[in-house]
Amino acid sequence: MRRTALRAGTPPPFIAMAAALLAALGALAWPAAAEEQQKEISALTARIEALPDRSRLLFDLTGLPPVTAHPVANPPRIIVDLPEVLFRMEANAGLSPGDKLIKSYRYGIFAPGRSRVVIDLAAPAKILKADSEAAAGGPRLVIELAPTSAGHFAATVAEQARLQPAEPPKLPATAAQAPTDKPMVVIDPGHGGLDMGATGKHGEMEKDVVLEFARALRDKIQETGRARVLLTRDHDMFLPLAERVRIARENNATLFVSIHADTLAASRVEGATVYTVSERASDAEAARMAEKENLADQAAGLESKADAEEVGDILFELTRRETRAYSRQFSHSLISFWREVGALNKNPSRSAGFVVLKAFDVPSVLLELGYLSSEKDLSRLTSQDWRERAAQKTAEAVDAFISARSREARAPAEAPSSATRPQ
Ligand code: ZN
């Protein structure tokens, strides 16, 4: 709504009323006028200039934002932080620029009011310049990097960490849901913002495909009237993995479903897979998937942290065991519902150490909708008709799961596990 705010002075009452009405209608009208008023800065194009002694990454802008930049290690990257800048280019423009220092770069919204450019380095580099400037052709963002030694790079990273400990993005607290007797289902569209996830060869992006599916699934579950639904993100923004888990736990979710899509070099591999969490991966493919998905925070320039596994007492262990049994139960049920939509992977039930599935007290699964690298999957994933049917079947599996759980709650002796769930 903030983009429609009328700022200049106190508006006459009829304008205030019109503004309120527009806000209430979701402000679908006037996007151009609203943007002009907000003077939001956009990035229009990006290009690399390779000079003999340095590499220069340039973005043409519509304004001059303040810029800060710092290096991070493991793997070596340069992080460029900006206020909210709208990137109006193809999101995969920076995938393989073919530069000797800049291996690839990403850009997008990092947190509300903050945008970020992440540069993956092909070799250790130092920042010569990171600023916005008024050039002859208009305002632009200039990032200049020069080669340096691995030792100098490491020393700069250490100095940066000492001066400014890495902080995760500040996110608005999710509105605490008023407790009702309806169970809560948290749906988690993977990736978002500058982390676009897997990409298809025609520029399809996992972050968009999974958001559309998540919205369709929310609608189908809400139609049953038997559960409340919360999306971890309902627009194109970055969200750290730990934040997704926190949202599920803080809202006392009965079920957490993370939605993803993959891509593979082998374009014949197709179909959906349902993953649960386990210490040891069920197979090499599941291990690869978990490793890839667990890198999501790194894609947005967050430090990769050691897995802070909670050290468990006996109650914790019992709860975790029970939660995992429920996760597997839902996974099997979801797969049998999906058989009616077709499109299952040859081996649709797998497990591995997914960080996003680690809430010890919320049954959690990761639904991999299919492969953006498969033409067949891609035509399904981008078809509204298929999405509606697949979301419908997923909602039916969710409904069956929460109905069974509430029956158990009324008759605890029938619970599948003898472990008591601590409240
Ligand atoms: Zn993913």
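Keep in mind that this is a model prediction, so the values were computed, not measured. (Residues numbered from 1 in each chain as written. Predicted model: local features only at pLDDT ≥ 70, side-chain atom pairs only at ≥ 80, totals over all residues.)

K.L.:
Help me out: how do you make sense of the packing of helix α4 (residues 206-224) against helix α10 (residues 384-410) in this one?
P.N.:
Packed helix pairs are characterised by how far apart their axes lie and by the angle those axes make with each other. One can describe the packing of α4 onto α10 by two numbers: an axis separation of 8 Å at closest approach and a directional angle of 50°. As the angle between them shows, α4 and α10 are arranged oblique. The two elements α4 and α10 meet at a crossing, and its hand is right-handed. On α10, the residues touching E212, F213, A216, L217, K220, I221 and T224 of α4 are R387, E388, A391, Q392, T394, A395, V398 and D399. A breakdown of the residues in the contact of α4 with α10 according to their chemical character gives 7 nonpolar, 3 polar and 5 charged. (Axes fitted to C-alpha atoms, helices over the stretch in contact; angles between N-to-C directions. Helix = DSSP H or I, 4+ residues; strand = E, 2+ residues; numbered from the N terminus. Parallel < 35°, antiparallel > 145°, perpendicular 65-115°, else oblique. Left-handed = near helix turned anticlockwise from the far one by under 90°. Contact = placed C-beta atoms within 7 Å. Nonpolar A, V, L, I, M, F, W, Y, C, P; charged D, E, K, R; others polar.)

K.L.:
Just to check I follow, could you spell out the nonpolar core for this structure?
P.N.:
Nonpolar side chains tend toward joint burial in soluble globular proteins. Core analysis: the biggest nonpolar cluster contains 59 residues, and V185, L255 and L367 have the highest contact counts within it. Among the nonpolar cores identified, the runner-up in size contains 31 residues, and V85, I102, V117 and V118 belong to it. (Core = buried A, V, L, I, M, F, W, Y, C linked by C-beta atoms within 7 Å. Buried ≥ 20, exposed ≤ 12 C-beta atoms within 10 Å, placed from the backbone.)

K.L.:
Hey, could you run me through the packing of helix α8 (residues 314-338) against α10 in this one?
P.N.:
Relative to each other, α8 and α10 sit at 145°, their axes nearing to 9 Å. Here the hand of the crossing between α8 and α10 comes out right-handed. Between α8, through F330, S333, L334, F337 and W338, and α10, the contact on the second element is made entirely by K393, T394, E396, A397, A400 and F401. When its residues are assigned to classes, the contact of α8 with α10 shows 7 nonpolar, 2 polar and 2 charged.

K.L.:
Even after reading the chapter, I still don't get the pairing of strand β11 (residues 228-231), so can you show me in this structure?
P.N.:
Strand residues, when the strand is regular, have side chains that alternate between the two faces of the sheet. The pairing of strand β10 (residues 184-189) with β11 spans 4 bridges and is classified as parallel. Looking across to β11, one finds that I187 is bridged to L231. Following the backbone out of β10, through α4 and into the adjacent parallel β11, one traces a crossover that is right-handed. (Pairing = 2+ DSSP bridges. Right-handed = clockwise from strand over helix to strand, strands pointing away.)

K.L.:
How do you make sense of unusual backbone geometry when you look at a structure like this?
P.N.:
Working note: non-glycine residues mostly have negative phi, and peptide bonds are mostly trans. Of note, the bond from N74 into P75 is cis; its omega dihedral lies within 30 degrees of zero at -10°. In the Ramachandran plot, N74 falls in the positive-phi region, its phi being about 55° despite a non-glycine side chain. Residue classification places N74 among the exposed positions, given that 9 C-beta atoms sit within 10 Å. Although it is not a glycine, N252 sits at a positive phi angle of roughly 50°. With respect to the helices and strands, the residue N252 is situated in the loop between α5 (241-250) and β12 (255-262).

K.L.:
When you look at the sheet that holds strand β7 (residues 114-121) in this model, what are you seeing that I'm missing?
P.N.:
For sheets, the rule is that strands pair by backbone hydrogen bonds, running either parallel or antiparallel. Spatial strand order, β3-β4-β7-β6: 4 strands in an open sheet with antiparallel pairing. Two strands lie at the open edges of the sheet, namely β3 (68-72) and β6 (102-111), each paired on one side alone. Neighbouring strand axes in the sheet, compared pairwise and without regard to direction, differ in orientation by 20° on average. When β6 meets β7, the two strands line up antiparallel, connected through 8 bridges. Its bridge partner being in β7, Y107 is matched across the sheet by V117.

K.L.:
What should I look at first to understand the pairing of strand β4 (residues 77-83) in this one?
P.N.:
Of all 7 residues making up β4, 5 are buried, and the element is well covered by its neighbours. Taken together, the 5 bridges between β3 and β4 define a ladder with antiparallel strand orientation. Residue pairing for β4: P71 is matched across the bridge by I78. Connecting β3 to the next strand, β4, in antiparallel fashion are 4 residues, including N74 with a positive phi near 55°. In terms of strand pairing, β4 meets β7 through 7 bridges, oriented antiparallel.

K.L.:
Would you explain helix α3 (residues 150-163) in this entry?
P.N.:
Along an α-helix, residues three or four apart share an orientation, since each turn contains 3.6 residues. For α3, with 14 residues, the first-to-last C-alpha span of 20 Å sits near the 20 Å given by 1.5 Å per residue. Of all 14 residues in α3, 0 are buried, a share of ten percent or less. (Expected span 1.5 Å × (residues − 1).)

K.L.:
For this particular structure, what's the right way to read the environment of T62?
P.N.:
Among the secondary structure elements, T62 is positioned in the loop between β2 (54-61) and β3. T62 sits 23 residues away from K39 along the chain, and the two C-alpha atoms are 8.8 Å apart.

K.L.:
How do you make sense of the sheet that holds β2 when you look at a structure like this?
P.N.:
Pairing within the open sheet is mixed, and its 5 strands lie in the order β5-β1-β2-β9-β8. Of all strands in the sheet, those with a lone pairing partner are β5 (85-87) and β8 (125-135), marking the two edges. Strand after strand, the sheet turns through a mean of 30° between neighbouring axes, direction not considered. Looking at chain direction, strand β1 (residues 41-51) and β2 are connected through 8 bridges and run antiparallel. If you follow L51 over to β2, its bridge partner there is R54.

K.L.:
I would appreciate a short explanation of α4 in the present structure.
P.N.:
Its 19 residues give α4 an end-to-end C-alpha distance of 27 Å, which sits within 8% of 27 Å, the value for a rise of 1.5 Å per residue. Next to the buried residues of α4 lie β10, β11, β12, β15 (364-371), α9 (375-381) and α10. One or two steps after α4, the chain reaches G225, where phi turns positive at roughly 75°.

K.L.:
Sorry if this is basic, but what is going on with the confidence of the model for the protein chain here?
P.N.:
Reading fine detail from the predicted coordinates is not recommended where pLDDT is low. Looking at the protein chain, the pLDDT average stands at 83 and 82% of residues meet or exceed 70. Looking over the protein chain, one finds the lowest element-wise mean pLDDT in helix α2 (residues 31-38), namely 44, and the highest in β10, namely 98. Here residues 1-37 scores under 50 on pLDDT; set against residues more than four positions off or in separate chains, the count is 19 contacts. Confidence over residues 414-423 falls short of pLDDT 50; this stretch has 14 contacts with residues more than four positions distant or in other chains. (pLDDT = per-residue confidence, 0-100.)

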